[in-house]
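Chain and residue survey
Listed below are the residues making up each chain.
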Amino acid sequence: GGVDNKPTADTYLELSKKTRITKIQTYHWNYGSGSSSPGLIMIIDLNYQHSDGGYDTHQFNAKGVDGMGGVPNAYWVVEPNLVLDPGRYQILDSDSSTWAQNSETGGRGITKVWGVVE
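A brief report on the enclosed structure follows. (Residues numbered from 1 in each chain as written. Predicted model: local features only at pLDDT ≥ 70, side-chain atom pairs only at ≥ 80, totals over all residues. Heavy atoms only, no water.)

Grouped together as the largest cluster of nonpolar side chains are 14 residues, with contacts concentrated most on Leu13, Ile24, Ile41, Ile43, Val78, Leu84 and Tyr89. Taken together, the elements giving at least two residues each to this core come down to β2 (11-15), β3 (19-27), β4 (40-45), β7 (75-78), β8 (82-84) and β9 (87-93). If near-sequence neighbours (up to four positions away) are discounted, Leu84 is found in contact with Leu13, Leu15, Lys17, Lys18, Thr19, Ile21, Ile43 and Tyr89. If you look at the next biggest cluster of nonpolar residues, it comprises 5 residues, including Tyr27, Val71, Ala74 and Ala100. (Core = buried A, V, L, I, M, F, W, Y, C linked by side-chain atoms within 4.5 Å. Buried < 20%, exposed > 50% of the residue type's maximum accessible area, 1.4 Å probe, protein only. Helix = DSSP H or I, 4+ residues; strand = E, 2+ residues; numbered from the N terminus. Contact = heavy atoms within 4.5 Å.)

We now examine the pairing of β4. The element β4 is largely enclosed, with a buried count of 5 among its 6 residues. Direction of pairing for β4 relative to strand β5 (residues 57-61): antiparallel, over a ladder of 5 bridges. What sits directly across from Ile43, in β5, is His58. Across 5 bridges, β4 lies against β9 in antiparallel orientation. Bridge assignment links Ile41 to a residue of β9, and that residue is Asp93. (Pairing = 2+ DSSP bridges.)

Under the definition given, this model contains 2 salt bridges. Among the ionic pairs, Glu14 bridges to Arg88, the shortest N-O distance being 2.6 Å. Highlighted residues: Glu14 in strand β2 and Arg88 in strand β9, separated in sequence by 74 residues. The exposed category is assigned to Glu14, whose relative accessible area is 53%. A relative accessible area of 35% places Arg88 in the partly exposed class. Note that Arg20 is salt-bridged to Glu118, the shortest N-O span being 3.1 Å. Of this pair, Arg20 sits in strand β3 while Glu118 sits in the segment after β11 (111-117), and the two are 98 residues apart along the sequence. Take Arg20: its relative accessible area is 26%, and that puts it in the partly exposed class. (Salt bridge = Lys/Arg side-chain N within 4 Å of Asp/Glu carboxyl O.)

Take it as geometry only, folks, not as evidence of what the structure does.
Okay, structure coming up:
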């Protein structure tokens, strides 16, 4: 389906088992303009809040991959090789202004996550 920019809802990853995250991809169609350069993809561990109110955050520099018709950096890709325990995690992208979302995702940023159960 068609997409708009700037997610209107948070994007979460729910894991039922300990999992090694091997790849994460976010989509930046940006009405056919893509993104000027890839930025960061972040994973926030919502399973434990520190006494200061913060959470553990893992951030990774993304590699840009051109999309359909040569749209520059339409896909941002990271290969974190990060083992996560069961629980809930939030996925963030450093350029929400070009991160795609639509009604099919409930306004969440379009994201794919690959992993292997440990």
